[in-house]
Amino acid sequence: MKVDTIYENARVFTGSGWASALAVLHGRVVALGEDAEALSTPRRVDLGGAVVVPGFHDAHNHMAWFGMSLDEVALGECKHVDEVYAAIAERAARTPPGSWIVANGYDQNRLVGGHPTRHGLDRAAPDHLVRVKHTSGHMVVVSSNVLAQLDVAHVPVGGDVVLDDEGSPTGLLREQAQLLLRPLTYPTPTDALVRAIDRAGERYLAEGITSVQEAGVGGGLVGESPAEVLAYQQARERGVLRVRTTLMVSSAVLHDLPEGAGFGLDLGLRTGLGDEWLRIGPMKLFADGSLIGRTAAMHDDFANDPGNRGYFQQPEEELAATILKAHAAGWQIATHAIGDRAVSTIVDAYEAALTAHPRDDHRHRIEHCGVVPPAQVARIAALGLVPVPQGRFVNEIGDGMAAALGPEREAWCYRLRSFLDAGCVLPGSSDRPVVNGAPLLGLADMVRRRTSGGALFGAAERITPEEALRAYTYGSAYAAFREREVGTLEIGKLADFAVLSADITDEAGLDDASVLATVVGGKLVYERGTHDARP
């Protein structure tokens with residue numbers, strides 16, 4: 001048999017073992033090891049003894065949001081709120097008056113001075129419209145001239161406009177209150193979304209990512225446009241959809257269909273439509289808010305914050321009703337739930353839906369699945385649910401999460417080992433741009449669970465390097481019903497893989513590994529030094 005390409009002189013980790021070579025025909029793996037080496041081909045690629053692993057697959061990221069953030073003022077390194085204002089002022093100095101200045105990535109838990117305020121933004125950029133996004137995506141601070149244009153007398157349920165001690169708005173809008181900005185900022189033009197998808201994809205390939213799941217399009221808190229799917233289609237048509245993409249559709253755009261056709265999108269579209277490059281995945285639903293923003297729905301007060309137990313994005317009975325309708329209509333469902341009360345409420349709702357309409361292999365998901373008491377771990381596993389925690393959170397925002405929970409609940413937070421031991425399939429994901437989405441960083445954090453401050457966070461939840469790699473490959477594919485195509489390098493599957501400088505199934509390799517090349521469908525799409533992503 002003659003094949004298109006043979007990648008040889010490598011250490012190929014297939015997902016279950018090792019091989020020395022990999023042969024590709026029509027974008028798929030057709031042989032491994034000596035069988036691959038013996039085939040005829042016009043193209044042999046010598047990988048110089050490098051390590052090959054299945055392409056990384058981020059099961060929960062925000063691709064368009066990340067791509068657009070690359071043009072915004074980055075605040076992630078700020079240590080004092082005055083540094084935030086200085087960064088805004090610097091951008092204002094080179095931005096035409098009257099236009100928007102958008103910044104992102106601040107975390108009040110890491111800022112001396114806490115949240116920025118509208119008054120500080122007014123001083124920094126008095127002639128501009130300013131919007132400063134929290135790293136969680138669950139809150140935003142706006143300048144006074146933006147606030148004056150908002151209908152703050154009619155805040156949507158599931159959000160609030162924060163007031164100072166004198167009852168005046170500080171400029172901080174939390175959760176659903178961010179929707180007040182929609183008349184000024186929505187929708188994002190399709191061409192801008194295509195550019196963002198392109199830029200994000202370039203970065204992903206440089207990090208060995210070959211597949212992603214976009215955690216919310218079309219509406220709600222994370223949707224950028226009612227025509228957002230069109231942007232992904234156009235990106236593909238223009239050759240700039242660089243990674244295989246599964247789109248989660250916001251529950252806000254689903255509706256009852258005529259003539260008993262169920263609950264979904266027009267024409268009856270639902271989970272599963274698409275091909276190997278672009279497809280519709282789960283319905284995305286928000287139950288609660290943010291742990292570091294202290295808006296997640298908890299059974300008990302946040303640590304050192306008497307009376308604050310967070311809140312739901314919508315009434316619990318509405319969440320349950322939406323889940324029931326979507327489940328009955330055949331959707332896979334992905335529900336954002338972080339606080340322990342939110343997690344238990346969503347598990348109850350999934351159980352009720354499955355009891356009313358039994359369905360095998362539903363793979364309903366709990367996005368983040370942040371604070372989970374032991375009894376809920378067992379229920380999640382028994383119901384066949386897929387928890388989707390983010391290992392990288394422990395490093396970048398772990399100190400803030402620990403402060404919000406206190407030591408008694410820290411052990412329940414962003415579990416990994418407990419889910420595996422209970423029998424769950426564990427995906428790997430980042431929630432990018434909430435944190436740095438590079439998979440090699442996420443893998444190390446899943447294994448080590450150290451905060452940026454050096455504290456060990458939930459030591460019992462550490463997993464092995466090979467388990468972490470399986471999560472970021474097979475586990476993520478499973479969460480999207482894609483394990484028959486990607487996630488391992490088995491014969492018949494798509495030839496998507498990353499070429500690494502070190503073996504990341506060994507913990508020592510986590511310190512040394514870098515991405516040398518990325519291959520999608522058997523084609524070299526990134527090579528360090530020649531295909532580096534744009535800044």
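K.L.:
Explain the overall build of the chain to me, please; I cannot follow it from the model alone.
P.N.:
Counting secondary structure elements, the chain contains 17 helices and 25 strands. The C-alpha radius of gyration of the chain comes to 23 Å, within 12% of the 24 Å expected for a compact globule of 535 residues. Taken along its principal axes, the extent of the C-alpha atoms in the chain is 80 × 55 × 50 Å. Counting the 535 residues in the chain, one finds 61% classified as buried. For the chain, long-range pairs separated by at least 24 residues make up 73% of all intrachain contacts whose partners lie at least 6 apart in sequence. Entry remark: accessible area of the chain is about 20100 Å², with carbon and sulfur atoms responsible for 51%.

K.L.:
Before we go on, may I ask you to explain the side chain of Glu 207 in this structure?
P.N.:
Following the sequence through the fold, Glu 207 ends up in the loop between α7 (190-206) and β15 (209-217). Among the residues examined, Glu 207 registers a relative accessible area of 13% and is labelled buried. Leave out the neighbours within four places in its chain, and Glu 207 touches Phe 56, Arg 432, Gly 437, Ala 438, Pro 439 and Val 515.

K.L.:
What is the right way to look at the side chain of Thr 135 in this model?
P.N.:
Locating Thr 135 in the fold gives a position in the loop between β11 (129-134) and β12 (139-142). For Thr 135, the side chain forms a polar contact with the main-chain oxygen of Val 434, separated by 2.7 Å.

K.L.:
Help me understand helix α10 (residues 340-356) in this model?
P.N.:
An α-helical turn contains 3.6 residues, so any two residues separated by three or four positions project in the same direction. Helix length check: α10, at 17 residues, gives a terminal C-alpha distance of 24 Å against a target of 24 Å (1.5 Å per residue), a fit within 8%. Every buried residue of α10 is listed here: Asp 340, Ala 342, Val 343, Ser 344, Thr 345, Ile 346, Val 347, Ala 349, Tyr 350, Ala 353 and Leu 354. In this structure, the buried residues of α10 make contact with α9 (316-328), β20 (333-337), β21 (365-368) and α11 (374-382).

K.L.:
Even after reading the chapter, I still don't get the environment of Asp 127, so can you show me in this structure?
P.N.:
By the element assignment, Asp 127 lies in the loop between α4 (118-124) and β11. C-alpha separation for the pair Asp 127 and Thr 117, spaced ten residues apart in sequence, amounts to 16 Å. Apart from the residues within four sequence positions on either side, Asp 127 is in contact with Pro 97 and Gly 98.

K.L.:
Please explain the sheet that holds β15 as it appears in this structure.
P.N.:
Within a beta sheet, neighbouring strands are joined by backbone hydrogen bonds and run either parallel or antiparallel to one another. Read across the open sheet, the seven strands follow the order β8-β15-β16-β19-β20-β21-β22; overall the sheet is parallel. Strands with a single pairing partner mark the edges of an open sheet, and in this sheet they are β8 (56-61) and β22 (386-388). Taken over all neighbouring pairs, the strand axes of this sheet differ in orientation by 25° on average, direction set aside. With five bridges joining them, β15 and strand β16 (residues 244-250) adopt parallel strand pairing. Of the residues in β16, the one forming a bridge with Glu 214 is Leu 247. Against the sheet, helix α16 (residues 465-479) engages β8, β15, β21 and β22, with an angle of about 60° to β8.

K.L.:
Please explain α7 as it appears in this structure.
P.N.:
Between its first and last C-alpha, α7 extends 25 Å over 17 residues, near the 24 Å set by a 1.5 Å rise per residue. Looking at α7, one finds that the buried residues are Leu 193, Val 194, Ala 196, Ile 197, Asp 198, Arg 199, Ala 200, Gly 201, Glu 202, Tyr 204, Leu 205 and Ala 206. Packed against the buried residues of α7 are β8, α2 (63-69), β15, α8 (228-237), β24 (515-520) and β25 (523-527). Just beyond α7, the residue with positive phi is Gly 208, at close to 85°.

K.L.:
Looking at this model, I keep getting lost on the sheet that holds strand β10 (residues 100-106). Mind explaining?
P.N.:
The strand order across the open sheet built from six strands is β9-β10-β11-β12-β14-β13, with neighbouring strands paired in mixed fashion. For this open sheet the edge positions go to β9 (73-74) and β13 (159-163), each flanked by a neighbour on one side alone. Here β10 runs beside β11; their pairing, made up of six bridges, is parallel. If you follow Ile 101 over to β11, its bridge partner there is Val 130. Lying over the sheet, helix α3 (residues 81-92) contacts β9, β10 and β11, oriented at roughly 150° with respect to β10.

K.L.:
Whenever I open this one, the packing of α9 against α10 confuses me. Can you help?
P.N.:
A pair of packed helices can be characterised by two numbers: the angle between their axes and the separation between those axes. Viewed as axis vectors pointing N to C, α9 and α10 meet at an angle of 40°, and their least axial separation amounts to 9 Å. The angle between the axes of α9 and α10 places the two elements in the oblique class. The element α9 and its partner α10 pack so that their crossing is right-handed. Across from Glu 316, Leu 319, Ala 320, Ile 323, Leu 324 and His 327 in α9, the residues of α10 making contact are Arg 341, Thr 345, Ile 346, Ala 349, Tyr 350, Ala 353, Leu 354 and Ala 356.

K.L.:
Explain unusual backbone geometry here, please?
P.N.:
Cis peptide bonds are those with omega within 30 degrees of zero, and the linkage from Tyr 186 to Pro 187 qualifies with 0°. For the peptide bond that leads from Arg 432 to Pro 433, omega is 10°, which places it in the cis range. Following the sequence through the fold, Pro 433 ends up in the loop between α14 (417-422) and α15 (439-448). We note that Asn 9 has phi near 55°; this positive angle belongs to a residue other than glycine. Relative to the assigned elements, Asn 9 resides in the loop between β1 (5-8) and β2 (11-13). With a phi close to 55°, Asp 361 is a non-glycine residue in the positive phi region. Within the secondary structure, Asp 361 is located in the loop between α10 and β21.

K.L.:
I tried to follow empty space enclosed by the protein on my own but got confused; where do I start?
P.N.:
One water molecule sets the probe size; rolling that probe over the atoms shows where empty space is left. Counted under the stated rule, the structure contains five cavities of 30 Å³ or more. The computed volume of the largest cavity comes to approximately 110 Å³. Lining of the largest cavity is provided by 14 residues; of these, Ser 136, Ser 290, Ile 338, Phe 393 and Ile 397 occupy positions nearest its centre. Top contributing element to the lining of the largest cavity by residue count: helix α12 (residues 392-405), with three residues. A breakdown of the residues in the lining of the largest cavity according to their chemical character gives eight nonpolar, five polar and one charged. Taken as a whole, the second largest cavity encloses approximately 80 Å³ of empty space. Lining the second largest cavity are 14 residues, and of these His 62, Ser 136, His 138, Val 222 and Phe 286 sit closest to its centre. Here the lining of the second largest cavity is composed, by residue class, of five nonpolar, seven polar and two charged.

What counts and what doesn't
Residues numbered from 1 in each chain as written. Predicted model: local features only at pLDDT ≥ 70, side-chain atom pairs only at ≥ 80, totals over all residues. Heavy atoms only, no water. Helix = DSSP H or I, 4+ residues; strand = E, 2+ residues; numbered from the N terminus. Rg over C-alpha atoms; globule rule 2.2 N^0.38 Å. Buried < 20%, exposed > 50% of the residue type's maximum accessible area, 1.4 Å probe, protein only. Contact = heavy atoms within 4.5 Å. Areas by Shrake-Rupley, 256 points an atom, 1.4 Å probe, with all protein chains shown as cover. Polar contact = N/O pair within 3.5 Å; in protein donor to acceptor, adjacent residues only side chain to side chain. Expected span 1.5 Å × (residues − 1). Pairing = 2+ DSSP bridges. Axes fitted to C-alpha atoms, helices over the stretch in contact; angles between N-to-C directions. Parallel < 35°, antiparallel > 145°, perpendicular 65-115°, else oblique. Left-handed = near helix turned anticlockwise from the far one by under 90°. 1 Å grid on protein atoms, 1.4 Å probe; cavity = no way out; pocket = protein on both sides within 12 Å on 5 of 7 lines; lining within 4 Å. Points joined across faces, edges and corners; volume = space filled by probe spheres on them. Nonpolar A, V, L, I, M, F, W, Y, C, P; charged D, E, K, R; others polar.

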